[in-house]
Amino acid sequence: MGVLDHLAVQRRALGQEILKLANDGIRLDEIKEGGITAYALAQSSLVEHVKDKQDEDLYLVKLKEGVRNKEITALTLGSDGVLKFNDRLCVPDVDGLRRAIIEEAHRSRYSIHPGATKIYLNLKEMYWWKGMKKQVVDHMAKCLNCQQVKAEHQSPSGLA
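Residues numbered from 1 in each chain as written. Predicted model: local features only at pLDDT ≥ 70, side-chain atom pairs only at ≥ 80, totals over all residues. Heavy atoms only, no water.

**A closer look at the nonpolar core**
Inference 1: One finds V91, I101, L123, Y127, W129, M132 and V136 to be the most contacted residues of the largest nonpolar core, which totals 20 residues.
Inference 2: Sorting the residues of this core by element identifies helix 2 (45–53), helix 4 (97–106), helix 5 (116–123) and helix 6 (132–141) as the ones contributing at least two each.
Inference 3: By size, the runner-up hydrophobic cluster in this structure holds seven residues, among which are L60, L63, V67 and C90. (Core = buried A, V, L, I, M, F, W, Y, C linked by side-chain atoms within 4.5 Å. Buried < 20%, exposed > 50% of the residue type's maximum accessible area, 1.4 Å probe, protein only. Helix = DSSP H or I, 4+ residues; strand = E, 2+ residues; numbered from the N terminus.)

**Points about the pattern of salt bridges**
Side-chain pairs of opposite charge can arise where the charged atoms are in close proximity.
Inference 1: Taken as a whole and assessed by the stated rule, the structure comprises seven salt bridges.
Inference 2: Two residues, K53 and D95, come together in a salt bridge whose shortest N-O distance is 3.1 Å. Here K53 is found in helix 2, whereas its partner D95 is found in the loop between strand 5 (88–90) and helix 4, with 42 residues between them in sequence.
Inference 3: Since its relative accessible area comes to 54%, D95 is described here as exposed.
Inference 4: In this structure, a network of salt bridges that share partners links the residues K53, E56 and D95. (Salt bridge = Lys/Arg side-chain N within 4 Å of Asp/Glu carboxyl O.)

Here it is, written out as structure tokens:
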């Protein structure tokens, strides 16, 4: 085995190790100084649940079929079979997943009761489902704390 063959084997082993790290949620970024930064991605446990449940939602199953038949081009199917819209995870309407996602965003310790617009903007970075904005607004309308905060920040009519 020549020197180049040995390097090819090492590159393949390194590639496999990087793939294992990626599967565990670890990302590597090259930095200007020539080094590499490793960092872990934090994600909600709901993400895996959403991926697992996509095939239980008849609407998403129909969309997946349309993507496979090349009838629908706005959506994509990953190599793992996960349906996405513009790199956003398509959330099935099963097991209360959508409500759980909204509640998790609403109760985040980093932004307690942020309001419908903020929650929608945050959620739409990662998730998609038909009627998401309306469902977020409806959920926030039922939260007494959000309504109180909203009322406190509105100026009385006639005052600027």
